[in-house]
Amino acid sequence: MDLNYFQTFREVALRQSFTKAAEELGYAQSSVTTQIQKLEKIYQVKLFERYNNNKIRLTSAGEELYKLSGQILEIFEHSQEKLTKQGGGSLTIATMDSLASYYLPAPIQTTRTQYPELSIRLQTDREDLILQKVREGEADVGLILANASSDSGLQWITIREEPLVLIVNSDHPLAAQSEVTLNHLANEEWIMPEDSCNYRQLLEKILRKNGIPYKVALELGSPEAIKRSIMAGPGISLLPQMIAMDEIQRQELTVLPLVHTDFTMEIQLVIHARKWISHSLKQFIINLGAKESDWLPVEAEG
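Going along each chain's sequence as written, the residues are numbered from 1 onward. Local features in this predicted model are restricted to residues of pLDDT 70 or higher, and side-chain atom pairs are both shown and tallied only at a pLDDT of 80 or more, whereas totals for entire chains, interfaces and linings draw on every residue. Heavy atoms from the whole structure form the basis of all side-chain values; hydrogens and water molecules are not counted.

Student: Would you mind going over a nonpolar patch on the surface with me for this structure?
Tutor: Residues I42, Y43 and V45 make up a contiguous nonpolar surface patch of roughly 240 Å² in combined accessible area. Judged by its relative accessible area of 35%, Y43 is partly exposed. Exposure above 30% relative accessible area and the absence of a salt bridge qualify a residue for a patch, where like charges join within 9 Å and nonpolar side chains (Val, Leu, Ile, Met, Phe, Trp, Tyr) within 5 Å. We get accessible surface area from the Shrake-Rupley algorithm with a probe of 1.4 Å; when it comes to residues, only the shown protein chains can shield them. Take a side-chain nitrogen of Lys or Arg and a carboxyl oxygen of Asp or Glu: if they are within 4 Å of each other, that pair is a salt bridge. Burial classification: accessible surface area is computed with a 1.4 Å probe over protein chains only, and a residue below 20% of its type maximum counts as buried, one above 50% as exposed, and the rest as partly exposed.

Dropping the structure here:
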């Protein structure tokens, strides 16, 4: 059970309102409701009851939990302080498959060397679910490829720009071109990631904007599967450069020299606006390559 549920419960109790608690915590109201429901399920009691004008108040069970939750959170804060200074505790990272495989191994291993007692959990998912996990406190941080950051309840830290490359195998007719324009891509058969993928959405937006007809011949959920399919037969794909770099250097994949159009995205770290930053989390963010001056709203512990 996430201890954030107790903090949410106390905010609802103090403000006698799910809406006001959500505003104070920076959560969606549905997230507050879900957390309270989970607490009620765990304890098998009702924590709040409604009375005049739909207002809420604590039940007798809720009053008892309110007293205990303060003690629980206080003990947790003391233990967190102690363990963080010793490098213990846990770190949950929600991210995409591509970043988990091709970007995160090095900074994670560096952080593990610096904090041997730190337990690190890596969870891969779609971008919308990654953001949801960070928003609801199920993940400490999220790491995604994106070019837009519209959720004001989250802090977005740009780590670096990542080029996207058009790849084919060496036998593809376009592989022999000295330069490739968008018009060369008309009616090509594409091997694409799932439609929820940010860089696929970027590609399709550019193709549609420029009136370039295209066909999705194969849709795959794994970057490895996409690369192997390209190497095995006809087709074209767009992938972050880091994913295909080894195969490009071994000349197993060819990068098309696209002119006049830049396909790029940013690797962005996402943190809840009210996230407490432990020493180990701070060091992990540094290991990712983020500048401390970019963390403006985040107050680091110690």
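Student: Explanation requested: helix α10 (residues 241-249) in the structure shown.
Tutor: Every α-helical turn comprises 3.6 residues, leaving residues that sit three or four positions apart pointing alike. The numbering of helices and of strands both runs from the N terminus, where a helix is a DSSP run of H or I of at least 4 residues and a strand a run of E of at least 2. Turning to α10, its buried residues number three or more, namely M242, I243, A244 and E247. Buried positions along α10 lie against α5 (97-102), β6 (154-168), α8 (198-209), α9 (223-232), β9 (237-240) and β11 (264-272). Looking at the residues trailing α10, positive phi occurs at Q251, about 60°. Contact criterion: two residues are considered in contact whenever any of their non-hydrogen atoms come within 4.5 Å of each other.

Student: Mind showing me how you'd approach the pairing of strand β5 (residues 141-146) here?
Tutor: Two faces make up the sheet, and in a regular strand the side chains alternate between them. Most of β5 is tucked away, with 6 of its 6 residues classed as buried. Where burial is concerned, the two faces of β5 agree: the one with V141, L143 and L145 and the one with G142, I144 and A146 are both buried. DSSP calls a pair of strands paired once it identifies at least 2 bridges connecting them. In this sheet, β5 lies alongside strand β3 (residues 90-95) in parallel orientation, the contact comprising 3 bridges. Residue pairing across strands places T95 opposite L143, the latter belonging to β5. As defined by bridge partners, β5 adjoins β11 across 5 bridges and the pair is classed as antiparallel.

Student: Honestly, the packing of aromatic side chains in this entry has me stumped. Any pointers?
Tutor: Within a pair of aromatic rings, the relevant descriptors are the distance that separates the centres and the angle that separates the planes. Planes of paired rings set the category: under 30 degrees apart is stacked, over 60 is edge-to-face and the rest tilted, where pairs are Phe, Tyr or Trp rings (Trp by its six-membered ring) whose centres lie within 6.5 Å. Throughout the structure, instances matching the rule amount to 3 aromatic pairs. Here the aromatic rings of F9 and Y66 are separated by 6.4 Å at their centres, their planes lie at 65°, and the arrangement is edge-to-face. On the criterion of sequence distance, the pair formed by F9 in helix α1 (residues 4-15) and Y66 in helix α4 (residues 60-86) is long-range, its members being 57 residues apart. Given the relative accessible area of 0%, F9 is considered buried. On the basis of relative accessibility, which here comes to 22%, the residue Y66 falls in the partly exposed class. Placement of a positive charge over a ring is assigned whenever Lys NZ or Arg CZ falls within 6 Å of the ring centre and within 35 degrees of the normal to the ring plane. Between the NZ or CZ atom of R10 and the centre of the ring of Y66, over which it lies, the distance is 4.2 Å. The side chain of R57 reaches across the aromatic face of Y51, ending 4.7 Å from its centre.

Student: What's the story with the packing of helix α6 (residues 105-114) against helix α11 (residues 279-288) in this structure? I'm lost.
Tutor: Packed helix pairs are specified by the crossing angle of their axes together with the interaxial distance, meaning the distance between the axes. To get an axis, a line is fitted to the C-alpha atoms, and for a helix only the part in contact is used. The angle between two axes follows their N-to-C directions and goes from 0 to 180 degrees. It is the contact of α6 with α11, at a shortest axis distance of 9 Å, that shows an interaxial angle of 140°. Comparing the axis directions of α6 and α11 gives the class oblique. Considering the relative orientation of α6 and α11, their crossing is right-handed. Residue-level inspection shows P107, I108, T110, T111 and Q114 of α6 in contact with α11, the latter providing S280, Q283, F284, N287 and L288. Under the scheme applied here, ten amino acids are nonpolar (Ala, Val, Leu, Ile, Met, Phe, Trp, Tyr, Cys and Pro), four are charged (Asp, Glu, Lys and Arg), and all others, including Gly, are polar. Considered class by class, the residues forming the contact of α6 with α11 number 4 nonpolar, 6 polar and no charged. By definition in this entry, angles of less than 35 degrees are roughly parallel, angles greater than 145 are roughly antiparallel, angles of 65 to 115 are roughly perpendicular, and the rest are oblique. In this scheme the crossing of two helices becomes right-handed for a clockwise turn of the near helix relative to the far one and left-handed for an anticlockwise turn of less than a right angle.

Student: Explanation requested: the pattern of salt bridges in the structure shown.
Tutor: Side chains bearing opposite charge may pair, as long as their charged atoms lie close to each other. Taken as a whole and assessed by the stated rule, the structure comprises 15 salt bridges. Ionic pairing is found between R126 and D128, a salt bridge with its closest N-O pair at 2.9 Å. Among the residues examined, D128 registers a relative accessible area of 42% and is labelled partly exposed. Among the salt bridges present, the one from E189 reaches K215, with a minimum N-O distance of 3.7 Å. With E189 in strand β7 (residues 189-192) and K215 in strand β8 (residues 215-219), this pair connects stretches of sequence that are 26 residues apart. Judged by relative accessible area, which is 39%, E189 ranks as partly exposed. With relative accessibility at 47%, the residue K215 sits in the partly exposed group.

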